[in-house]
Amino acid sequence: MELTADIFSKLEILSDAAKYDVACTSSGSSRKGVKGTMGNTVAAGLCHCFSADGRCISLLKILLTNECVYDCKYCLNRLSNDVPRASFSPEEVAELTISFYRRNYIEGLFLSSGIRKNPDFTMEQIYQAVHLLRVQYRFNGYIHVKAIPGADPLLIEKTGWLVDRMSANLELPTADGLRSLAPQKSRKTILTPMRQIQMGRRESRLLLGDGSVPELPGAGAGVPGTGKSFTQREALPGEARDKRGDGQKVIGGGKSSASSEALPAVNQGFALQEFHPDASFVPAGQSTQMIVGASGESDYEIVHMAEAMYQKFDLKRVFYSAFVNTTRDPALPEGREGPPLLREHRLYQADFLMRFYQFRAEEIISAENPFLNVHLDPKCNWALNHLEFFPVEVQTADYHTLLRIPGVGVKSARRIMAARRLGSLDYQALKKFGVVLKRAMYFITCGGKTMVPLRMNEGFILTNLLGLRERLPASVTGEDRFEQMSLLDLYPGAVTAPGAGEVARYG
């Protein structure tokens with residue numbers, strides 16, 4: 001496909017409009033290449049991020065359209081904004097993706113969209129784009145799309161069997177903020193497709209006979225902002241849930257409330273397991289996004305909302321987007337100091353503590369201090385407020401306790417647990433394991449010894465953490481060991497004379 005002037009101008013508009021949709025993460029999907037298809041998702045992920053094996057991977061990140069029937073006060077693409085508008089057809093999205101993939105520019109597709117005409121029409125267009133990629137082009141690579149709130153559940157389900165990840169943006173942390181800045185949207189409308197995706201993932205695992213399927217998180221519990229509980233998924237309109245003898249799931253036999261004529265004829269009775277040989281629905285899970293700083297929510301509300309979303313909807317990630325005032329609406333904060341990027345950074349750190357470090361939201365932040373400390377990361381802040389648990393002896397502490405130590409990560413904690421079975425540890429070994437000693441040295445002992453003279457005093461530790469006195473002792477860095485230069489250091493090609501003695505070493 002040639003990049004004509006029209007296509008190029010659309011690409012310029014719609015790729016730029018997608019930059020506010022945050023979704024930069026590893027894909028969470030691992031699917032090898034299959035004969036007769038193109039692409040794979042092995043260790044792949046999203047644009048300019050690093051995958052689990054250390055590769056920097058990229059993805060075509062675009063909007064299907066920046067036209068929108070909604071007038072959200074914070075959105076650059078809102079109905080009342082005077083900006084250049086453009087829309088891709090499903091065929092153009094599919095051809096662009098394949099063209100860029102063949103040129104080795106990308107490894108997958110991230111497709112979001114404004115709401116054109118209505119949610120059903122937009123979701124149907126997204127479905128057609130991914131259907132073309134999977135059916136006509138036999139594209140087996142990574143695809144992440146948006147589940148459009150308010151769209152027919154059948155369209156969301158059919159799309160979910162074709163893609164790797166789906167996401168529905170929560171937009172604002174509280175229902176009050178949503179009513180104030182996006183009155184055409186509702187919390188219930190946003191949470192409904194999220195629950196559908198969660199239930200679909202669970203059902204597909206049951207279909208595979210996966211005995212490890214956990215109980216539905218939050219089953220019977222109230223969903224934030226709705227006043228109702230989701231205990232059972234409602235039947236999808238016009239849906240046929242037949243199972244063939246070979247266990248494949250067949251979609252068809254019903255009509256969507258969207259225009260059924262626009263759906264490809266190949267849909268009827270088509271076994272979508274052809275694209276996911278393991279019969280998995282949205283195999284890489286779902287994510288969501290919250291805007292930080294557009295409304296008056298505190299970090300306390302945001303962190304607790306994120307914890308509730310992880311527990312109730314089995315999310316893979318919650319993304320936080322520092323508010324950028326692109327519309328200059330009088331209802332929005334001025335933001336003269338720019339986007340609250342440091343606040344966003346602290347929220348991501350708190351999020352990692354909940355997902356990987358076994359912290360609860362109530363431990364990270366309290367109602368009495370509803371904003372995260374901008375001077376310290378949340379883990380250091382927690383440790384300073386709980387000095388009664390420190391110092392920790394790394395030779396004997398359990399895994400949960402090791403994760404609580406500032407400067408000790410998940411990998412380094414596992415390495416410590418494995419290494420100490422074979423012998424005693426020292427501070428040089430901890431440094432090799434990846435422990436950040438310039439923070440950890442104030443909270444640990446190793447073999448009963450401290451690395452520096454310690455005072456378990458909040459003021460003393462805080463001064464050292466914030467100051468310039470975080471330099472590691474020379475005994476750990478190796479700077480106290482010197483080596484005398486030799487002729488070989490100055491002239492690497494020189495030949496050592498016979499009988500030359502060893503280079504003298506000092507220190």
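Residues numbered from 1 in each chain as written. Predicted model: local features only at pLDDT ≥ 70, side-chain atom pairs only at ≥ 80, totals over all residues. Heavy atoms only, no water.

1. Section: the overall build of the chain
Then, in step 1: For the chain, the count of helices and strands is 17 helices and 15 strands.
Then, in step 2: Looking at the chain residue by residue over its 507 residues, the buried ones come to 51%.
Then, in step 3: Pairs at least 24 residues apart make up 67% of the contacts formed inside the chain by residues separated by at least 6 positions.
Then, in step 4: Carbon together with sulfur atoms contributes 52% to the accessible area of the chain, which is approximately 24300 Å² in total. (Helix = DSSP H or I, 4+ residues; strand = E, 2+ residues; numbered from the N terminus. Buried < 20%, exposed > 50% of the residue type's maximum accessible area, 1.4 Å probe, protein only. Contact = heavy atoms within 4.5 Å. Areas by Shrake-Rupley, 256 points an atom, 1.4 Å probe, with all protein chains shown as cover.)

2. Quick notes on helix H15 (residues 458-466)
Then, in step 1: Along H15, the positions that sit buried rather than exposed are Phe460, Ile461, Asn464 and Leu465. Looking straight down H15, one finds its buried side chains confined to an arc of 125°; they lie on one side.
Then, in step 2: Against the buried residues of H15 lie helix H10 (378-385) and helix H14 (437-440).
Then, in step 3: Residue Asn457 occupies the N-cap position of H15, its side-chain oxygen lying 2.9 Å from the main-chain nitrogen of Gly459. (Arc of directions from axis to C-beta. Polar contact = N/O pair within 3.5 Å; in protein donor to acceptor, adjacent residues only side chain to side chain.)

3. Notes on the nonpolar core
Then, in step 1: Counting 120 residues, the largest nonpolar core has Tyr74, Leu111, Met166, Tyr320, Ile405, Leu430 and Phe443 as the members making the most contacts within it.
Then, in step 2: Look past the residues within four positions of Tyr74 in its chain and what remains in contact with it is Glu171, Leu172, Leu181, Ala182, Lys185, Ile291, Phe323, Thr326, Thr327 and Leu332. (Core = buried A, V, L, I, M, F, W, Y, C linked by side-chain atoms within 4.5 Å.)

4. Details of helix H8 (residues 341-356)
Then, in step 1: In this model, H8 (16 residues) spans 22 Å end to end at C-alpha, consistent with the 22 Å of a helix rising 1.5 Å per residue.
Then, in step 2: Within the span of H8, buried status applies to Arg343, Glu344, Arg346, Leu347, Tyr348, Ala350, Asp351, Leu353 and Met354.
Then, in step 3: At its buried positions, H8 is contacted by strand E10 (286-292), helix H7 (299-313), strand E11 (317-322), helix H9 (361-364) and H10.
Then, in step 4: Looking one or two residues past H8, Gln358 carries a phi angle of roughly 65°, positive in sign. (Expected span 1.5 Å × (residues − 1).)

5. Things to note about the sheet that holds strand E3 (residues 60-63)
Then, in step 1: With respect to topology, six strands assemble into an open sheet ordered E3-E4-E5-E6-E10-E11, the strand pairing being parallel. Looking at strand neighbours, the two that pair on one side only are E3 and E11, the edges of this open sheet. Here the average twist between neighbouring strands, direction ignored, is 20°.
Then, in step 2: Both E10 and E11 contribute to a ladder of six bridges, which runs parallel. (Pairing = 2+ DSSP bridges. Axes fitted to C-alpha atoms, helices over the stretch in contact; angles between N-to-C directions.)

6. Quick notes on the pairing of E3
Then, in step 1: Side-chain alternation along E3 places Leu60 and Ile62 on one buried face and Lys61 and Leu63 on a second face that is also buried.
Then, in step 2: When E3 meets strand E4 (residues 108-112), the two strands line up parallel, connected through four bridges. The partner of Leu63 across the bridge, within E4, is Ser112.
Then, in step 3: Viewed along the sheet, the connection from E3 through helix H2 (residues 90-102) into E4 turns out right-handed. (Right-handed = clockwise from strand over helix to strand, strands pointing away.)

7. Brief notes about the pattern of salt bridges
Then, in step 1: Evaluated as defined, the whole model comprises 13 salt bridges.
Then, in step 2: Measuring nitrogen to oxygen at the nearest pair gives 3.6 Å for the salt bridge that ties Glu67 to Arg116. One end of the pair, Glu67, is in the loop between E3 and H2; the other, Arg116, is in the loop between E4 and helix H3 (119-135), with 49 residues separating them in the sequence.
Then, in step 3: Of the residues examined, Glu67 reaches a relative accessible area of 28% and is grouped as partly exposed.
Then, in step 4: With a closest N to O distance of 3.9 Å, Arg360 and Glu363 form a salt bridge. (Salt bridge = Lys/Arg side-chain N within 4 Å of Asp/Glu carboxyl O.)

8. Digging into the layout of surface pockets
Then, in step 1: For the largest pocket, the calculated volume is near 750 Å³.
Then, in step 2: What lines the largest pocket is a set of 38 residues, among which Tyr74, Cys75, Asn169, Glu171 and Lys185 lie closest to the centre.
Then, in step 3: Elements supplying a minimum of two residues to the lining of the largest pocket: helix H6 (187-207), E10 and E11. (1 Å grid on protein atoms, 1.4 Å probe; cavity = no way out; pocket = protein on both sides within 12 Å on 5 of 7 lines; lining within 4 Å. Points joined across faces, edges and corners; volume = space filled by probe spheres on them.)

9. Overview of the packing of aromatic side chains
Then, in step 1: What the rule picks out here adds up to ten aromatic pairs.
Then, in step 2: With centroids separated by 5.4 Å and ring planes inclined at 50°, the aromatic side chains of Phe352 and Phe356 adopt a geometry described as tilted. With Phe352 and Phe356 both in helix H8 and four residues apart, the pair spans about one turn of that helix.
Then, in step 3: Its relative accessible area of 39% is what places Phe356 among the partly exposed residues.
Then, in step 4: Between Trp382 and Phe390 the ring centres are 6.1 Å apart and the planes differ by 80°, which places this aromatic pair in the edge-to-face class.
Then, in step 5: What makes Trp382 buried here is its relative accessible area of 7%.
Then, in step 6: Here a set of aromatic residues connected by ring pairs shows up, and it is made of Phe359, Trp382, Phe389, Phe390 and Phe443. (Phe/Tyr/Trp six-rings, centres within 6.5 Å; stacked < 30°, edge-to-face > 60°.)

10. A closer look at the side chain of Arg195
Then, in step 1: Structurally, Arg195 can be placed in helix H6.
Then, in step 2: Comment: no salt bridge for buried Arg195; closest opposite-charge side chain is Asp314, at 8.9 Å.
Then, in step 3: Here the side chain of Arg195 touches Gln198 through a polar contact of 2.2 Å, side chain to side chain. (Lys, Arg positive; Asp, Glu negative; His and termini not counted.)

11. Observations regarding unusual backbone geometry
Then, in step 1: Look at the link from Phe390 to Pro391: it is a cis peptide, with omega at 0°.
Then, in step 2: Tracing the sequence through the fold places Pro391 in the loop between H10 and strand E12 (392-393).
Then, in step 3: In the Ramachandran plot, Asp314 falls in the positive-phi region, its phi being about 55° despite a non-glycine side chain.
Then, in step 4: By relative accessible area, Asp314 is classed as partly exposed at 27%.
Then, in step 5: Although it is not a glycine, Gln358 sits at a positive phi angle of roughly 65°.
Then, in step 6: Secondary-structure assignment places Gln358 in the loop between H8 and H9.

12. Observations regarding the packing of H2 against H3
Then, in step 1: The contact between H2 and H3 brings their axes to 8 Å, and the two run at 40°. Judged on the interaxial angle alone, H3 and H2 are oblique. Here H2 and H3 pass one another in a crossing that is right-handed. Between H2 and H3, the contacting residues are Pro90, Glu91, Val93, Ala94, Thr97 and Ile98 on the first element and Gln125, Gln128, Ala129, Leu132 and Leu133 on the second.
Then, in step 2: Considering only residue class, the contact of H2 with H3 consists of seven nonpolar, three polar and one charged. (Parallel < 35°, antiparallel > 145°, perpendicular 65-115°, else oblique. Left-handed = near helix turned anticlockwise from the far one by under 90°. Nonpolar A, V, L, I, M, F, W, Y, C, P; charged D, E, K, R; others polar.)

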